[in-house]
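What follows is the residue order along each chain.
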Amino acid sequence: MNEKKECKIVQDLLPNYIEKLTSLQTNEYIEEHIANCSECKTVLENMQKEIPTDTKVNNQKEVKYIKKFRNRMRTLSLILLAIFFIFAIVTIRKAIIISDLSKKAEETMKSTNYHKTTYTYGMGRAYRTEEFVLGDKKKIVTTILSEEGTIGWQEYHKKITDIETRYNTYRETLGKKTATLNLVSYNWQENGEHNPLYTENIIHLIINAIFANVQKKSLDDTECYLITNFKGLYTYRYEGGMYVNKENGLVISSIESEVDNGQGSKTKYSGCEVEYEFGTVTEKDFIEPDISEYEIEK
């Protein structure tokens, strides 16, 4: 390197060198040059003489403060980075668990032969809803037990298309029997009926996983995950929390909750218990009651 050019570089660095703002490697470079260059050594000595003692002391204090501030900021950055990584790992873990349970529920409910029983309790009443599915047939039996007596009805559905069904309804209310025939429904089976953990895409999953709580639990000797604060597309009646079977992804119990209905009030959903049986439904389950015993409504 040209000697004059090197002297110019060193002399430009001297003010920071005097204030101890240069790095260790830069210090070694400057000191090695000064040891062999009388001109730069003289410049350094003159600069040091020009700085008052008070200024030196103040500069040293400022340098110490700056270094201390930098160290604190470095430590804070490391702490924030560690927190971010922990948060990311926890969120990813929850998202993986929720996604895995959702896939298991969808796979389980591909079955065309199952019997589902749901028990709910609230407002002095006990509700039992049974759902029988066999191929393109579905029967729903609902029984309500109250102080006034027993109320029950049965619906026999026949799937016409992927969304349309035709069905007959038979009701028994306090000794009175009525029937309504050949009704049309466009709600054969909603995706959220058996899979409240369903999400539209990975972004929706991650956002919901951030706020969700996921804990391993055991319920009646069944290994489950207790999932709370998960607000997916179909979790409105499970916002109090749900116990999800670890093996098949199905909700087997839920906690009572109140959900804002968007009309300035809240809708209360009772907790429920759910049981599933697979491969037990037969054609005998779809034999309809004797229509002659019922008053037909139009």
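All values reported here derive from a predicted model rather than from experimental measurement.

A. Layout of unusual backbone geometry. With phi around 55 degrees, Asn 182 is a residue other than glycine that occupies positive phi space. Mapped onto the elements of the fold, Asn 182 is located in strand β6 (residues 176-185). Judged by its relative accessible area of 53%, Asn 182 falls in the exposed class. With a phi close to 65 degrees, Asp 221 is a non-glycine residue in the positive phi region.

B. Looking closely at helix α2 (residues 24-35). With 12 residues, α2 ought to run about 16 Å at 1.5 Å a step, and its terminal C-alpha atoms sit 17 Å apart, in line with that. Restricting attention to buried positions, one finds in α2 the residues Asn 27, Ile 30, His 33 and Ile 34. Here the buried residues of α2 occupy an arc of 135 degrees about the axis, which is enough to place them on one side. In α2, those exposed residues whose orientation departs by more than 90 degrees from the buried face are Leu 24, Gln 25, Glu 32 and Ala 35.

C. Broad picture of the environment of Glu 297. Within the fold, Glu 297 resides in strand β14 (residues 295-297). Taking the C-alpha atoms as reference points, Glu 297 and Leu 181, separated by 116 residues in sequence, lie 7.9 Å from one another. In contact with Glu 297, other than residues within four places in its own chain, are Arg 171, Thr 178, Ala 179 and Thr 180.

D. Expanded view of the side chain of Asn 195. As for its placement among the helices and strands, Asn 195 is situated in the loop between β6 and α5 (202-211). Within the structure, Asn 195 has its side chain in polar contact with the side chain of Ser 102 (distance 3.0 Å). A polar side-chain atom of Asn 195 sits 3.5 Å from a polar atom in the side chain of Glu 106. What Asn 195 contacts, discounting residues up to four positions off in sequence, is Ser 102, Ala 105, Glu 106 and Tyr 234.

E. A look at a nonpolar patch on the surface. On the surface, a cluster of nonpolar side chains totalling about 560 Å² of accessible area is made up of Phe 69, Met 73, Leu 76, Ile 79, Leu 80 and Ile 83. Residue placement: Met 73 occurs in helix α4 (residues 53-108). The class for Met 73 is partly exposed, based on a relative accessible area of 38%.

F. Structural view of the nonpolar core. If you look at the biggest cluster of nonpolar residues, it comprises 24 residues, and the most contacted ones within it are Ile 98, Leu 101, Leu 197, Ile 227, Phe 230, Met 242 and Val 244. Contributions of two or more residues to this core are made by α4, α5, β8 (222-228), β9 (242-245) and β13 (272-278). It is α4 that provides the largest number of residues to this core, a total of 5 residues. The contact partners of Ile 98, leaving out residues within four places of it in the chain, are Leu 197, Leu 205, Ala 209, Ala 212, Val 214, Ile 227 and Phe 230. In this structure, Val 10, Leu 14, Ile 30 and Ile 34 belong to the second largest nonpolar core, which totals 9 residues.

G. How the structure looks around helix α1 (residues 3-18). With 16 residues, α1 ought to run about 22 Å at 1.5 Å a step, and its terminal C-alpha atoms sit 22 Å apart, in line with that. At Asp 12, α1 shows its maximal kink, close to 30 degrees; a proline, Pro 15, follows between one and four residues later. Looking one or two places after α1, you find Lys 20, whose phi comes out positive at around 60 degrees.

H. Main features of the pairing of strand β10 (residues 251-254). In the sheet, β9 pairs with β10 via 3 bridges, with the strands oriented antiparallel. Note that in β10 the partner of Val 244 across the bridge is Val 251. Linkage of β9 to β10, two consecutive antiparallel strands, is achieved through a turn of 5 residues, within which Gly 249 is found at a positive phi near 80 degrees.

Thresholds, definitions, all that
- Residues numbered from 1 in each chain as written.
- Predicted model: local features only at pLDDT ≥ 70, side-chain atom pairs only at ≥ 80, totals over all residues.
- Heavy atoms only, no water.
- Helix = DSSP H or I, 4+ residues; strand = E, 2+ residues; numbered from the N terminus.
- Buried < 20%, exposed > 50% of the residue type's maximum accessible area, 1.4 Å probe, protein only.
- Expected span 1.5 Å × (residues − 1).
- Arc of directions from axis to C-beta.
- Contact = heavy atoms within 4.5 Å.
- Polar contact = N/O pair within 3.5 Å; in protein donor to acceptor, adjacent residues only side chain to side chain.
- Patch = residues over 30% accessible without salt bridge, like charges linked within 9 Å, V, L, I, M, F, W, Y side chains within 5 Å.
- Areas by Shrake-Rupley, 256 points an atom, 1.4 Å probe, with all protein chains shown as cover.
- Salt bridge = Lys/Arg side-chain N within 4 Å of Asp/Glu carboxyl O.
- Core = buried A, V, L, I, M, F, W, Y, C linked by side-chain atoms within 4.5 Å.
- Bend = angle between axes of the 7 residues up to and from the residue.
- Pairing = 2+ DSSP bridges.

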